[in-house]
Amino acid sequence: MFLRAPWWTALIAACLLGAGCRSAAPPSLVLHDAHVYTLAWGDPDAEGRPAPDAPFDGERWTPDASAVVVAGDRIAFVGADAEALAMAGPGTRVVDLDGATIVPGLIESHGHLQEIGEKADEIRLDGALTEADLADRLRSATEPSDDGWVLGTGWDEGEWADALPDRAFLDALFPDRPVVLTGLRGFGTFGNARALEAAGLGPDTPDPVGGTLVRRPDGSLTGVLLNNATDLLNDAVPARSLESKARVLRYGMDQLLRAGYVATHHAGVRADYLPAYLALAGAGELPMRVEAMLAVGVPDAPDLTTWVRRGPTADREAMLQVRSVKAYYDGSLGSRGAKLLADYADRPGHRGVAGAEYGFDPEAVEAYMAAGFQAGIHAIGDAGNREVLDFYEGVFARHPGARALRHRVEHAQVVHPDDVARFGALGLVASMEPGHAVEDAPWAGDRLGPGRVRGAYAWRSLRRGGALLIFNSDFTGTDWSPFYGLYAAVTRQRKDGTPAGGWFPEEAVTAEEALRAYTVWPARASGVEDRTGTIQPGTWADLTVLSLDPLTAPPDALLEGAVRMTVVAGAVRFDATSE
Ligand SMILES: [Zn+2]
């Protein structure tokens, strides 16, 4: 009997022979005794029925492997425990997962990473519904001896829309310190007299296109700025240093890794944070994959000429990908900024604002698309969505090659039934937030009325229309836990279980579809489905280990889930297995 050479020597030999292999390293990690869903089977149909080759017997899912072996930054093996354990060498970490579930690394495909770290430094105003409540929170969170800016965040502009606050109480509370309180969803901000003064805003400042400086009857400013006007105030807050920005991003990535994400798509990076990303990437200090979608048509957007000349990141292996852009087409539904085809049900004569009027720069987006960048265009209202579809159609007619990139519609929140199938016809991605549907449910019907609301947050309809559906949270506006996303996606209920039976449950998706919308579908949206989104030998060693099985757990139990481990490019970036 002769000693068997370790399996990887064969791999090294194959690489030396020019087989193009990257994973010549010996196994670093063996995860076994697990429920593994590789997702390496076919897509469910448009009704959510699993593919014929799915590990599903008509009633129940069965994990299609129990062990995963990682070598270097790649998956070396996925299959049975015995074979996986036999591959372990002296330097291999072997983890018995005791029945936990391994899924392909989760992808948070639309968020605003800098907000996590920035808001960690700010006073939380979530759930505050009165000026007295705002005042109490600010008073208890500030020191009288401080004299710098008071920064708070989290008041819900949707909830406050009909009775906006007035800065008089803020001026009384902080006569000498500038105060800026950003809204939960980024479509409202609120400042006191000192902050308005620092921003150079006064009664004579005109409303920008698509934005409002809310005024008192005498014409003076209340301090509230809505939609496109928010940056006029927010940009007055003194900028951070490059080092501070890098710290903010690192903090945010750490939080996402804890939540189980291996990758995030930053939906609209401006010139302020782009250097921090480039610095972190250059130093090899990105602990997760980041797609930095360049902001277009907003103040402080990265320079178009520079980036069109540079082109999208060529190396798809790089942890930082600058290969896409993000533009806004209209505002939000809660603040009645989204553009509707007919009047708002709760504001006759008003249809919102969109397009060039809202700052959308079609020439810039088209120039990026022609240069090989993927576009992600924010569209909320049914008119906004229709016009974005028209825009894509026009660009594809002028640049047929651009079509292959699977361009995105961010939110695709209210889509007219006539437009649903255009997503499929144009090869578009519907980038949507399960949390938004259930959180907006209390007032979305007021804005839209009983008919149009049925075409809102319509995941099933969009799948039937051939859209590639990807899920995300648009953090920090909502809870970015993937368990909350999965739960909301399959139940159409809020965390408290309301409304009973779900909000328009016919638009819910299956657990498999929801899981795919966090893994293989965003991988496909980014054109890297051959490298990630499934667990197969040779794919990136990007894995998320969950305490429960999302395909078999009762929907209510999903909220109890916990992340056990997050592995990015073979490195264990979050580990609760020993806790
Ligand atoms: Zn966003």
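Treat the numbers as computed from the prediction; the structure is a model and nothing was measured. (Residues numbered from 1 in each chain as written. Predicted model: local features only at pLDDT ≥ 70, side-chain atom pairs only at ≥ 80, totals over all residues.)

An order of β7-β14-β15-β16-β17-β18-β19-β20 is seen for the eight strands of this open sheet, with the pairing classed as parallel. The sheet is open, and its two edges are formed by β7 (106–111) and β20 (468–471), each paired on a single side. Averaged over all neighbouring strand pairs, the angle between strand axes comes to 25 degrees, with direction disregarded. In terms of strand pairing, strand β19 (residues 429–432) meets β20 through four bridges, oriented parallel. (Pairing = 2+ DSSP bridges. Helix = DSSP H or I, 4+ residues; strand = E, 2+ residues; numbered from the N terminus. Axes fitted to C-alpha atoms, helices over the stretch in contact; angles between N-to-C directions.)

Here V36 is to be found in strand β2 (residues 35–36). We classify V36 as buried; it has 24 C-beta atoms within 10 Å. (Buried ≥ 20, exposed ≤ 12 C-beta atoms within 10 Å, placed from the backbone.)

So, about the sheet that holds strand β4 (residues 74–79). Sheet architecture is open: four strands sit in the order β4-β3-β1-β5, paired in mixed fashion. Each edge of the sheet is formed by a strand with only one pairing partner; in this case those strands are β4 and β5 (93–96). Direction aside, neighbouring strands of the sheet carry axes that sit 15 degrees apart on average. Examined bridge by bridge, strand β3 (residues 67–71) and β4 share five bridges and lie antiparallel to one another. Paired with A71 across the strands is R74, a residue of β4.

Turning our attention to the nonpolar core. In this structure, V68, A430, L462 and L469 are the most contacted members of the largest nonpolar core, which totals 146 residues. A total of seven residues in this core trace back to one element, the largest contributor, which is helix α17 (residues 482–491). In this structure V68 touches L31, V36, I75, V78, I102, I535 and L543, once residues within four positions along its chain are discounted. Core analysis: the second largest hydrophobic core is formed by 26 residues, L138, V180, F190 and L196 among them. (Core = buried A, V, L, I, M, F, W, Y, C linked by C-beta atoms within 7 Å. Contact = placed C-beta atoms within 7 Å.)

Extensive coverage of strand β10 (residues 179–183) is indicated by the burial of five of its five residues. Here β10 shows two buried faces, one formed by V179, L181 and G183 and the other by V180 and T182. Alignment of strand β9 (residues 150–155) against β10, held across five bridges, turns out to be parallel. The residue bridging T153 from the neighbouring strand is T182, located in β10. Pairing between β10 and strand β11 (residues 188–191): three bridges, direction antiparallel. Paired with L181 across the bridge in β11 is F190. The antiparallel hairpin formed by β10 and β11 contains four residues in its connecting segment, where G186 sits at a positive phi of about 80 degrees.

Before going further, it helps to spend a moment on unusual backbone geometry. A cis amide bond links F475 with the next residue in sequence, T476, at an omega value of 15 degrees. Note that T476 resides in the loop between β20 and α17. Residue P499 follows T498 across a cis peptide bond; omega there is -10 degrees. By the secondary structure assignment, P499 is in the loop between α17 and α18 (511–516). In this structure, A412 is a non-glycine residue whose phi angle is positive, near 40 degrees. With respect to the helices and strands, A412 occurs in the loop between β18 (408–411) and α14 (420–425). At Y457, a residue that is not glycine, the phi angle is positive and equals roughly 50 degrees.

All right, on to helix α10 (residues 274–282) then. Listed as buried for α10 are L274, A276, Y277 and L280. Projected onto a plane normal to the axis of α10, the buried residues spread over an arc of 160 degrees and lie on a single side. If you follow the buried residues of α10, they end up packed against α9 (242–258), β14 (261–269), β15 (289–296) and β16 (320–328). Positioned one or two residues after α10, G284 has a phi angle of 65 degrees, which is positive. (Arc of directions from axis to C-beta.)

Before going further, it helps to spend a moment on the packing of α9 against α10. At a minimum axis separation of 9 Å, α9 and α10 run at an interaxial angle of 75 degrees. Regarding the angle of α9 to α10, the classification is roughly perpendicular. Of the residues in α10, those in contact with L242, K245, A246 and L249 of α9 are P275, A276, Y277, A279 and L280. Classifying every residue of the contact of α9 with α10 gives eight nonpolar, no polar and one charged. (Parallel < 35°, antiparallel > 145°, perpendicular 65-115°, else oblique. Nonpolar A, V, L, I, M, F, W, Y, C, P; charged D, E, K, R; others polar.)

Residues at a pLDDT of 70 or more form 96% of the protein, whose mean pLDDT is 94. Here residues 1–23 scores under 50 on pLDDT; set against residues more than four positions off or in separate chains, the count is 21 contacts. (pLDDT = per-residue confidence, 0-100.)

On to the packing of helix α3 (residues 113–120) against α9, then. α9 packs onto α3 with a crossing angle of 105 degrees between their chain directions and a minimal axis gap of 7 Å. The orientation of α3 with respect to α9, classified from their angle, is roughly perpendicular. Along the contact surface, α3 presents L113, Q114, I116, G117, E118 and A120, while α9 presents R247, V248, L249, Y251, G252, M253 and Q255. The residue makeup of the contact of α3 with α9, split by class, is seven nonpolar, four polar and two charged.

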